[in-house]
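The chain contents come next:
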Amino acid sequence: MFTIKNEVNLHNETEALVIGIFNQNQRPQGLLAEIDEALNHELLTLIKEGDIGVKAKQISKIHTLGKLGAKRLFFVGLGKKKKLTEQDLKEAFGSLFKEIQKSKLTEVSVAIDTFLTDNLDTYDAAYALSEAWPLATYRFEGYKKKSNEPEKSLEHVTVYADGDEQEISAALTVGFVYGKATNSARTLVNLPGNMLTATDLANYAADLAKKYDFELEILEKEDMEKLGMGAFLAVNKGSVEPPKMIVLKYQGKETWSDVIGLVGKGITFDTGGYSLKPKDGIVGMKTDMAGAASVLGAMEIIGELKPEQNVVAVIPSTDNMISGEALKPDDVITSMSGKTIEVLNTDAEGRLALADAVTYAKHHGANYLVDVATLTGGVIVALGMHTTGAMANNEEWFEQVLEASMEAGEPIWRLPIFERDKERVRSSKIADLNNSPGREGHAIMGGAFIGEFAEDTPWVHLDIAGTSDTKSSHSLGPAGATGVMVRTLAILVERFEAE
Ligand code: BES
Ligand code: ZN
Ligand code: ZN
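Residues numbered from 1 in each chain as written. Chains lettered and ligands numbered in written order. Predicted model: local features only at pLDDT ≥ 70, side-chain atom pairs only at ≥ 80, totals over all residues. Heavy atoms only, no water.

Comments concerning the coordination of the zinc ion (ligand 3)
Now for step 1: Coordination of the zinc ion (ligand 3) by the protein comes from K265 (NZ), D270 (OD), D288 (OD) and E349 (OE), over a distance range of 2.0 to 2.4 Å.
Now for step 2: Around the zinc ion (ligand 3) sit six donor atoms; with metal-centred angles ranging over 77 to 172 degrees, the donor geometry is octahedral.
Now for step 3: Read N to C, the donor residues that coordinate the zinc ion (ligand 3) are spaced as K-x4-D-x17-D-x60-E.
Now for step 4: Between the zinc ion (ligand 3) and the zinc ion (ligand 2), both coordinated by D270, there is a metal-metal distance of 3.2 Å. A residue pair is termed long-range when its members are at least 10 positions apart, and K265 in the loop between β9 (259–264) and β10 (266–270) and E349 in the loop between β13 (340–342) and α11 (350–363) qualify at 84 residues. Accessibility classification places K265 together with E349 in one group, the buried group. (Donors = N, O, S within 2.8 Å, 3.2 Å for Na, K, Ca; no water. Tetrahedral: all angles 85-135°; square planar, octahedral: opposite > 155°, others 65-115°. Helix = DSSP H or I, 4+ residues; strand = E, 2+ residues; numbered from the N terminus. Buried < 20%, exposed > 50% of the residue type's maximum accessible area, 1.4 Å probe, protein only.)

In structure tokens:
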């Protein structure tokens, strides 16, 4: 997969040598000077005439015609050196890997030193490279009849890098694990509702548990009835598919304390129920388990890297369907917490499922909670498709989540929950709560509702309805599921410090 070599040797044979190129007016130095010489001192001319692009994410390919060991040179434009962030670098590598995939190369070499700045060292660059590779080249197989010929794909990257070999190797491994796990989440989200039922999701979690030695608990309908999970079970009432409450436990500390609870909405298809979605709004609702996928992706990273932390993952999974037995608007249900809920809208089902899941995470000892959910269309109206909505009941815990999201390059933005917002969620005349207080600020209403079940436990809610999939392909992946929040959650767990 990766080979590390300390020095670049321009005579080494390789399909392609990859070089970073900044937008600067200096004469080529170091390795670039050597390459310039091999190219009859034409490098600056090639740049000037636009054959080699220096703008960020521009990829240029030139054949060496036997002048170097490398058959081709791939130049990765990096823009202004002072401005380059780690995310920019990841995206630039993403564009590179997309080009390599198009060229059907199976092996390339990368001169890491040409990518470094005052702020980005060898290890940062190695990490960015290895995370970008799987992310950028991800494809969802789909169900088209295939031709027999398997497509060639990149198998090996030689990394020329100056530094501690073990540390470089660690950075490469960790980046690759993060990228791969994000792809696992993408695949779960891309699967249609008939291909990924709650039972399938539970089986997937069971496989993870087996592979990484997690403790596994799958609650069946009868178990949930005994526990009084009336909110989650209400969502499943119209379905022929059995509901599953999926629990994975990872213990990385001596004692089961300072436990992080990761709770993910696992609605495998959301019709809206009797508050039926319009025909345009229902298409795409196979992605309503993206929160669950983020949590499972993060658990994959945790299983691979084994941080010294305690984590419990809780995923309520079912589809939201219609039948003679389905939940109806006006119904009143009782959650596991004992709080009663007046159902005004059966399409606000995510918060019902999460209510019991949050209670159950606390039951399993979670001291810090994050829930991730494709919860509301309202968050898309508020923040668009590139920013995840966040709400919280605890400043320090929110700060940790925010920092993790910034490190992951997955922007989040906080919306408030004021007392008046809580009052609206509590405004039912006949029950403790109502699940849909109206259109105004409805992303906030969703978060505030879940917050009622977190109670005093530090809690952050992440609404990924806008960010969990994308209409167009981008440098770090194709159109479709993004796997958003996998990396944020994993970084959060890795860096977690109890207050
Ligand atoms: N799964 C949807 C939210 C959603 C909308 C996700 C668009 C992805 C894209 C959720 O269950 C839902 O239907 N929410 C309602 C809540 C409302 C009835 C209070 C919504 O946002 O309209
Ligand atoms: Zn819904
Ligand atoms: Zn939903």
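What follows continues from the structure just given.
Quick notes on the nonpolar core
Now for step 1: Grouped together as the largest cluster of nonpolar side chains are 97 residues, with contacts concentrated most on F93, F97 and M299.
Now for step 2: Residue contributions to this core peak at 10 residues, all from helix α5 (residues 165–190).
Now for step 3: Counting contributing residues, this core receives three or more from each of domain 1 (2–143 + 155–161) and domain 2 (181–495).
Now for step 4: When near neighbours in sequence (up to four residues on either side) are disregarded, M299 contacts L208, F214, L248, Y250, V311 and A313.
Now for step 5: Residues F232, L327, M336 and Y360 belong to the second largest nonpolar core, which totals 47 residues. (Core = buried A, V, L, I, M, F, W, Y, C linked by side-chain atoms within 4.5 Å. Domains from an automatic or database assignment. Contact = heavy atoms within 4.5 Å.)

A word on the sheet that holds β13
Now for step 1: Strand order in the open sheet formed by three strands is β12-β13-β17, with mixed pairing between adjacent strands. If you trace the sheet from one side to the other, it starts and ends with β12 (332–334) and β17 (433–434), each paired once.
Now for step 2: Relative to β17, β13 is paired through two bridges, and the arrangement is parallel. Each residue of the ladder has a partner; that of I341, found in β17, is L433. (Pairing = 2+ DSSP bridges.)

Side note on a negative patch on the surface
Now for step 1: Residues E86, D121, D164, E165 and E167 make up a contiguous surface patch of negative charge.
Now for step 2: Tracing the sequence through the fold places D164 in the loop between β6 (156–160) and α5.
Now for step 3: By relative accessible area, D164 is classed as partly exposed at 39%. (Patch = residues over 30% accessible without salt bridge, like charges linked within 9 Å, V, L, I, M, F, W, Y side chains within 5 Å. Areas by Shrake-Rupley, 256 points an atom, 1.4 Å probe, with all protein chains shown as cover. Salt bridge = Lys/Arg side-chain N within 4 Å of Asp/Glu carboxyl O. Lys, Arg positive; Asp, Glu negative; His and termini not counted. Charge placed at Lys NZ, Arg CZ, Asp CG, Glu CD.)

Section: the side chain of E342
Now for step 1: Positionally, E342 belongs in strand β13.
Now for step 2: Among buried charged residues, E342 stands out as having no salt bridge; its nearest opposite-charge side chain is K429, 8.0 Å away.
Now for step 3: In terms of polar contacts, E342 uses its side chain to reach the side chain of S428, at 2.6 Å. (Polar contact = N/O pair within 3.5 Å; in protein donor to acceptor, adjacent residues only side chain to side chain.)

Digging into the domain arrangement of the chain
Now for step 1: Annotation of the chain at the domain level lists domain 1 (2–143 + 155–161) and domain 2 (181–495).
Now for step 2: Centre-to-centre, using C-alpha coordinates, domain 1 lies 39 Å away from domain 2.
Now for step 3: Carbon and sulfur atoms supply 59% of the area buried between domain 1 and domain 2, which totals about 1,400 Å² over both sides.
Now for step 4: Counting the contacts that link domain 1 with domain 2 gives one salt bridge.
Now for step 5: Here the element with the most residues in the side of domain 1 that touches domain 2 is helix α3 (residues 86–103); it accounts for six residues. (Buried area = accessible area lost by both parts, 1.4 Å probe.)

Description of unusual backbone geometry
Now for step 1: Of note in the backbone geometry, K57 takes a positive phi value of approximately 75 degrees without being a glycine.
Now for step 2: Take K57: it is sitting in the loop between α2 (43–48) and β3 (59–63).
Now for step 3: For E455, which is not glycine, the phi dihedral falls at a positive 55 degrees.
Now for step 4: Mapped onto the elements, E455 comes out in the loop between α15 (442–454) and β18 (459–463).

Examining the packing of helix α10 (residues 290–305) against helix α16 (residues 486–495)
Now for step 1: For the pair α10 and α16, interaxial distance at closest approach is 8 Å and the crossing angle is 45 degrees. Relative to α16, α10 is oriented oblique. Seen along the crossing, α10 lies across α16 with a hand that is right-handed. Across from A293, S294, V295, G297, A298, I301, I302 and L305 in α10, the residues of α16 making contact are V486, L489, A490, V493 and E494. (Axes fitted to C-alpha atoms, helices over the stretch in contact; angles between N-to-C directions. Parallel < 35°, antiparallel > 145°, perpendicular 65-115°, else oblique. Left-handed = near helix turned anticlockwise from the far one by under 90°.)

Quick look at the UniProt feature "domain: Cytosol aminopeptidase" (unreviewed entry) in the chain
Now for step 1: Taking the numbering used here, the UniProt-annotated feature "domain: Cytosol aminopeptidase" (unreviewed entry) corresponds to residues 345–352.
Now for step 2: What you have in residues 345–352 is 38% helix and 0% strand, and the ends, taken at the C-alpha atoms, are 11 Å apart. (UniProt positions renumbered as here; feature names shortened; annotations may be inferred.)

Focus on the site of ligand 1
Now for step 1: The environment of ligand 1 is formed by 16 residues, the closest being K277, D288, D347, E349 and G377.
Now for step 2: Between K265 and ligand 1, the recorded distance is 3.2 Å, taken from a side-chain N or O atom to an oxygen atom.
Now for step 3: Between ligand 1 and the protein, one listed contact pairs an oxygen atom with a backbone N or O atom of G377 at 2.6 Å.
Now for step 4: In isolation ligand 1 exposes 510 Å². Once the protein is present, 83% of that is buried.
Now for step 5: Tallied by class, residues from the shell around ligand 1 come to three nonpolar, six polar and seven charged. (Near = heavy atom within 4 Å. Nonpolar A, V, L, I, M, F, W, Y, C, P; charged D, E, K, R; others polar.)

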